[in-house]
Amino acid sequence: MTPNDVRRHGARAVRVRVDPGAVEALRAQLAAEPVRGQRELVAGGETVTVLFDTPRSAADGERTLSAMAVPEPVAAHGPLVEIGVVYAGEDLSEVARQLGTDESGVVRMHTERAWSVGFLGFAPGFAYLRSTEAGPEIARRTSPRVRVPAGAVGLAGEYSAVYPRTSPGGWQLIGRTDAELWSLDRDPPAVLVPGARVRFLAVRERLVVPVVPEQSPAVSPPERGLAVRETGLQSLVEDLGRPGYAAIGVTRSGAADRGALRQANRLVGNPAGAAGIENLGGGLELVAAGEQVVAVTGAYAPLVVEAPDGRRRTVEPGRPFALDDGDLLEVGPVTAGLRVVIAVRGGVDVPPVLGSRSTDTLAHLGPAPIAAGDVLPVGRAPRTAVGETEAVPVAPDGARPTVLDVTPGPDAQLFPDGVWEHLLDAPWEVTPNSDRVGVRLTGVPLGRPEGEVQSQALVPGAIQVPPSGEPVVFGVDHPTTGGYPVLAVVAEHHLDRLAQLPLGSSVRFAARTNCP
């Protein structure tokens, strides 16, 4: 059996569509026998997406995958995980109504079936569980909950799942468990991994006596660092992210404007991936604790340094400058672009999480957002010279439409005639509810395919079209999988430009067919 459908998903990914029963078999085969250049695998409802190290590897991989024979479906043979559930969920009676039974009938259905992990996505450790027995599909809630607690057990469509962490969600909740399914103290952090088998057990509610945690000893502020006086709208610690964990629902994250971080680090003599500060809109104020060397890139904002004696001087982006002990760096309001990037020689030396110091705003991984009063530690200075002054790329100023090159997405052929042209011809505006997860656009709604698509892998720059018809362009903190069709993908060379789009600015898309 050959793959049903093999399509590019941006410059470095290839999506393979197969029968749903063959997804795990194909994922396991590719994990055991990787394609040349393969870096990560992300399974979906009826797809396996292969993430490659380079665009050339992806092009070669597309041909290899198109010729590959898909293995026959096999029963899951991973570890068996038993999960005790208190069946007292808020939607238990609604699920019983949908199934034409009573609440005990729902419990029997859920506990008597054998389940296995189909794929992970949406959030770190969120496993979509398939039953080996065919059954009716459970309709999602018409109004998703803003907050679903960790441990909630739910049903939606043909799947069951346990929410490993508190998050929004629209699944029908039938119970809860105290099983710890996600912990950064384990390797891997997720208990439910692709191929694992799951059996649910009905248990009685237990009284848990809270344990008062021991107080942590006071931590002295670092002798060298950057003291935060003001943060502006948002300031985060970011490096180049944490690749390699997409299979367990953790996206790469990292700096939204990767080119700006690399440039700022180059200017202060750091390795390209050293952690810096990403500030939204300006308004950041930092006081040097000890002598520091700093560079600012990304969005344009006026920069002023004030010495302890009150003397003030302006500094320019794109060049390294020194801060003496007690000097205050003021980042004024942004006048072009959106995100200011600040690098300090030695890098921001906060503890890494899963190998990265980046803050993932969707998954709540990494350091907390920077707050006024924080003192950010700075690492040991590298044995390299600071860089020469460089021109900072011109950031979008909102005065004219920003053009983003796009390639057809893996679902482009599903859309009605004329929708691709509509995407390219229409003006779009960046809405205020855009963030690091996605740039949300408004304009004349796009037509959509009939029905929905199964959840599948997402990449930075993927343009999903939700039921509203108004596109969402995913950023660096995107979920690893999503359930809306992907019409287009922003070309890799314009992802940094995407990260700098001012709120309220106008966007145009231009077709780029010669994907590298």
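All values derive from a computational prediction rather than experimental measurement. (Residues numbered from 1 in each chain as written. Predicted model: local features only at pLDDT ≥ 70, side-chain atom pairs only at ≥ 80, totals over all residues. Heavy atoms only, no water.)

**Student:** Tell me about helix 2 (residues 55-67), and name the residues and values.
**Tutor:** Along its 13 residues, helix 2 runs 19 Å from first to last C-alpha, staying within 8% of the 18 Å computed at 1.5 Å per residue. Residues of helix 2 that are buried: Pro55, Ser57, Ala58, Ala59, Gly61 and Leu65. The inward-facing, buried residues of helix 2 abut strand 1 (5-8), strand 2 (13-17), helix 1 (23-32) and strand 4 (47-52). (Helix = DSSP H or I, 4+ residues; strand = E, 2+ residues; numbered from the N terminus. Expected span 1.5 Å × (residues − 1). Buried < 20%, exposed > 50% of the residue type's maximum accessible area, 1.4 Å probe, protein only. Contact = heavy atoms within 4.5 Å.)

**Student:** So, the domain arrangement of the protein: which residues are in play, and what are the values?
**Tutor:** Domain boundaries assigned for the protein yield domain 1 (5-67), domain 2 (81-202), domain 3 (225-377) and domain 4 (402-511). Placing a centre on the C-alpha atoms of domain 1 and another on those of domain 3 gives a separation of 35 Å. (Domains from an automatic or database assignment.)

**Student:** Quick one: what's the story with empty space enclosed by the protein, residue by residue and with numbers?
**Tutor:** A full pass over the atoms with the stated rule returns 2 cavities of 30 Å³ or more. Computed from the structure, the largest cavity encloses a volume of approximately 40 Å³. Forming the boundary of the largest cavity are Phe122, Ala123, Pro124, Gly249, Thr251, Asp360, Leu362, Ala363, His478, Pro479 and Thr480. Residues of the lining of the largest cavity, tallied by class, amount to 6 nonpolar, 4 polar and 1 charged. Approximately 30 Å³ is the volume attributed to the second largest cavity. In terms of lining, the second largest cavity is formed by Arg27, Leu41, Val42, Ala43, Phe119, Leu120, Pro194 and Ala247. Of all the secondary structure elements, the ones that give two or more residues to the lining of the second largest cavity are strand 3 (38-43) and strand 6 (115-120). (1 Å grid on protein atoms, 1.4 Å probe; cavity = no way out; pocket = protein on both sides within 12 Å on 5 of 7 lines; lining within 4 Å. Points joined across faces, edges and corners; volume = space filled by probe spheres on them. Nonpolar A, V, L, I, M, F, W, Y, C, P; charged D, E, K, R; others polar.)

**Student:** Which residues make up the pairing of strand 14 (residues 225-231), and what are the values?
**Tutor:** Examined bridge by bridge, strand 14 and strand 17 (residues 284-289) share 6 bridges and lie antiparallel to one another. Each residue of the ladder has a partner; that of Val228, found in strand 17, is Leu286. Strand direction decides the pairing type here: strand 14 and strand 24 (residues 375-377), joined by 3 bridges, are antiparallel. Each residue of the ladder has a partner; that of Gly225, found in strand 24, is Pro377. (Pairing = 2+ DSSP bridges.)

**Student:** A description of the packing of aromatic side chains should follow, citing residues and the corresponding values.
**Tutor:** The relative placement of two aromatic rings is captured by the distance of their centres and the angle of their planes. This structure, assessed with the given rule, holds 9 aromatic pairs. Each ring, one from Phe126 and one from Trp171, has its centre 5.4 Å from the other, and the planes form 85°; the classification is edge-to-face. Placement of Phe126 in the loop between strand 6 and strand 7 (127-131) and of Trp171 in the loop between strand 11 (167-169) and strand 12 (172-176) is noted, with a sequence separation of 45 residues between them. The pair Phe126 / Trp171 is uniform in exposure class, with both members buried. One aromatic cluster is present, formed by Phe119, Phe122, Phe126, Tyr128, Tyr159, Tyr163 and Trp171 through successive ring pairs. (Phe/Tyr/Trp six-rings, centres within 6.5 Å; stacked < 30°, edge-to-face > 60°.)

**Student:** Kindly report on the layout of surface pockets, identifying the contributing residues and their values.
**Tutor:** Over the atoms rolls a probe the size of a water molecule, and its path tells where empty space is left. Taken as a whole, the largest pocket encloses approximately 1,500 Å³ of empty space. Considering the residues around the largest pocket, the lining is formed by 47 residues, among which Phe122, Arg140, Gly482, Gly483 and Tyr484 are closest to the centre. Secondary structure elements with two or more residues in the lining of the largest pocket: strand 11, strand 27 (438-442), strand 30 (472-474) and strand 31 (481-482). Its residues placed into classes, the lining of the largest pocket shows 22 nonpolar, 16 polar and 9 charged.

**Student:** Describe the nonpolar core, listing the residues and the values that go with them.
**Tutor:** Core analysis: the largest hydrophobic core is formed by 33 residues, its most contacted members being Ile83, Leu129, Ile174, Leu192 and Phe200. At the level of elements, strand 5 (80-85), helix 3 (92-99), helix 4 (103-112), strand 6, strand 7, strand 9 (152-156) and strand 13 (197-202) are the ones that each hand at least two residues to this core. When residues of this core are assigned to domains, at least three fall in each of domain 2 (81-202) and domain 3 (225-377). Counting 30 residues, the second-largest nonpolar core is a separate cluster that includes Leu41, Phe119, Val148 and Tyr163. (Core = buried A, V, L, I, M, F, W, Y, C linked by side-chain atoms within 4.5 Å.)

**Student:** Please provide a residue-by-residue account of the pattern of salt bridges, values included.
**Tutor:** Counted under the stated rule, the structure contains 29 salt bridges. Here Asp53 ties to Arg39 by a salt bridge, and the two come within 3.3 Å at their closest N and O atoms. Taken as a pair, Asp53 in the loop between strand 4 and helix 2 and Arg39 in strand 3 lie far apart in primary sequence, 14 residues in all. According to the relative accessible area criterion, Arg39 is exposed, its value standing at 56%. Linked through salt bridges whose partners overlap, the residues forming this network are Asp5, Arg7, Arg15, Arg17, Glu46 and Asp411. (Salt bridge = Lys/Arg side-chain N within 4 Å of Asp/Glu carboxyl O.)

**Student:** Give a detailed account of the sheet that holds strand 2, specifying residues and quantitative values.
**Tutor:** Ordered by their spatial adjacency, 4 strands build an open sheet running 1-2-4-3, and the pairing between neighbours is antiparallel. Looking at the sheet topology across the chains shown, the edges are occupied by strand 1 and strand 3. Going from strand to strand, the sheet's axes swing by 20° on average, the running direction of each strand aside. Note: strand 3 against strand 4, 5 bridges, orientation antiparallel. When the bridges of strand 4 are listed, Glu40 appears paired with Leu51. Each of strand 2, strand 3 and strand 4 is contacted by helix 1, which is oriented at about 165° to strand 3, the strand it contacts most. (Axes fitted to C-alpha atoms, helices over the stretch in contact; angles between N-to-C directions.)

**Student:** Describe the sheet that holds strand 16 (residues 276-280), naming the residues involved and giving the relevant values.
**Tutor:** What holds strands together in a sheet is hydrogen bonding between their backbones, with the strands either parallel or antiparallel. With antiparallel pairing, 5 strands are arranged side by side in an open sheet as 15-16-23-18-21. Only two strands of the sheet have a single neighbouring strand rather than two, namely strand 15 (234-238) and strand 21 (321-323). The average angle at which neighbouring strand axes cross in this sheet is 30°, direction not considered. In the sheet, strand 18 (residues 292-300) pairs with strand 23 (residues 336-344) via 6 bridges, with the strands oriented antiparallel. For Ala295, the partnering residue across the bridge sits in strand 23 and is Ala343. Here helix 5 (residues 258-268) sits on the sheet in contact with strand 15, strand 16, strand 18 and strand 23, set at roughly 155° to strand 18.

**Student:** Give me the lowdown on the side chain of Arg258, citing residues and values where you can.
**Tutor:** You can see Arg258 is positioned in helix 5. Although Arg258 lies buried, it forms no salt bridge, and the closest oppositely charged side chain, Asp496, sits 6.0 Å away as judged by the N-O distance. Setting aside residues no more than four positions away along its own chain, Arg258 makes contact with Leu240, Arg252 and Asp496. (Lys, Arg positive; Asp, Glu negative; His and termini not counted.)

**Student:** With reference to specific residues and values, describe the packing of helix 3 against helix 4.
**Tutor:** It is at 8 Å that the axes of helix 3 and helix 4 come closest, and there the two elements cross at 85°. Taken as axis vectors, helix 3 and helix 4 run roughly perpendicular relative to one another. Across the interface between the two elements, Leu92, Ser93, Val95, Ala96 and Leu99 from helix 3 touch Glu103, Val106 and Met109 from helix 4. Split by residue class, the contact of helix 3 with helix 4 holds 6 nonpolar, 1 polar and 1 charged. (Parallel < 35°, antiparallel > 145°, perpendicular 65-115°, else oblique.)

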